[in-house]
Amino acid sequence: MTGLVIAVDGPAAAGKGTLARRLAAHFALPYLDTGLLYRAVGRRVLDAAGDPRDAAVAQAAARALQAADLARGDLRGPPADDAASMVAAHPGVRHALVDFQRRFAAEAGAVLDGRDIGTVIFPDARAKLYITASAEARAYRRWLEVHARDPSATLTAVAAEMAARDARDAGRDAAPMKPAADAIVLDTTTLDADAAFARAMALVSGLIG
Ligand code: DC
């Protein structure tokens with residue numbers, strides 16, 4: 001019997017990863033950052049000097065994915081962000097990753113964060129949150145992270161990259177980023193991590209009774 005599944009979806013830098021990790025710790029559930037799957041596929045394609053927009057190349061990379069790929073240290077940063085979003089638009093890539101995500105939660109339940117957890121991967125999840133924030137707040141948060149690694153990164157460039165990625169993630173035909181009809185939307189624009197967690201806990205507790 002499947003345990004509790006909590007779906008945490010939303011756009012880049014909305015705070016869903018931090019929140020999902022804390023929910024998982026609170027409910028003693030396994031946690032999966034599903035963005036890492038797409039990042040690892042994108043990285044495999046880039047390593048082979050392939051084009052992430054090429055559906056056949058990206059699908060082959062998704063099928064060849066190994067657990068060790070998810071532990072790589074180079075899955076974040078602008079080239080990996082873009083490659084992940086490009087490979088994620090291919091239906092064949094998404095299809096190749098469905099079973100892994102479902103199996104992850106099959107035994108004990110899980111908290112999963114991503115873009116299509118509540119809509120496609122676990123449409124029957126007991127609790128679905130869609131975490132968002134203003135484009136300005138999200139760009140600023142992402143810029144703080146990127147700037148720490150690369151002091152030449154500008155807020156304008158980070159905001160433009162993020163807007164392009166969100167538009168691609170929301171505009172694709174295959175499992176586009178959007179709140180599930182029964183998801184609760186939580187806007188973290190004016191919330192710090194503790195306040196977002198407190199609000200999410202109240203929402204999830206209400207949903208799971
Ligand atoms: O959550 P993230 O920023 O690490 O995700 C990287 C990219 O992967 C994102 O631009 C869209 C894609 N993605 C997806 O399409 N579906 C998911 N469930 C998770 C991520």
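For the structure itself, look to the data block above.
Residues numbered from 1 in each chain as written. Predicted model: local features only at pLDDT ≥ 70, side-chain atom pairs only at ≥ 80, totals over all residues. Heavy atoms only, no water.

J.: Which parts of the structure should I look at to understand the pairing of strand β4 (residues 127-132)?
T.: Most of β4 sits out of view: six of its six residues are buried. Residues Ala127, Leu129 and Ile131 point to one face of β4 and Lys128, Tyr130 and Thr132 to the other, with burial holding for every one of them. Pairing of strand β1 (residues 5-9) with β4, which is carried by four bridges, proceeds in the parallel orientation. Residue pairing in the sheet places Val8 in a bridge with Leu129 of β4. Looking at chain direction, β4 and strand β5 (residues 184-187) are connected through four bridges and run parallel. Bridge pairing in β5 places Thr132 opposite Asp187. (Buried < 20%, exposed > 50% of the residue type's maximum accessible area, 1.4 Å probe, protein only. Helix = DSSP H or I, 4+ residues; strand = E, 2+ residues; numbered from the N terminus. Pairing = 2+ DSSP bridges.)

J.: It is not clear to me how the nonpolar core should be interpreted in this structure. Could you clarify?
T.: General note: in soluble globular proteins, nonpolar side chains tend to be found buried as a group. Grouped together as the largest cluster of nonpolar side chains are 19 residues, with contacts concentrated most on Ile6, Val8, Leu19, Leu23, Val111, Leu129 and Ile131. Counting residues per element, the ones that place at least two in this core are β1, α1 (16-27), β4 and α9 (193-208). With five residues, α9 is the single largest residue contributor to this core. In this view, Val111 contacts Ile6, Val8, Ala20, Leu23, Ala24, Leu29, Pro30, Tyr31 and Leu32; residues no more than four positions away in its chain are not counted. Counting 15 residues, the second-largest nonpolar core is a separate cluster that includes Leu37, Val45, Ala61 and Val93. (Core = buried A, V, L, I, M, F, W, Y, C linked by side-chain atoms within 4.5 Å. Contact = heavy atoms within 4.5 Å.)

J.: When you look at the sheet that holds β5 in this model, what are you seeing that I'm missing?
T.: Sheet strands pair by backbone hydrogen bonding; their relative direction is either parallel or antiparallel. Taken in spatial order, the five strands of this open sheet run β2-β3-β1-β4-β5, and their pairing is parallel. Of all the strands in the sheet, just β2 (31-33) and β5 have a single pairing partner and so form its edges. Each strand axis lies, on average, 20° off the axis of its neighbour in the sheet, ignoring direction. α1 contacts β1, β2, β3 (110-114), β4 and β5 of the sheet and is inclined by roughly 175° relative to β3. (Axes fitted to C-alpha atoms, helices over the stretch in contact; angles between N-to-C directions.)

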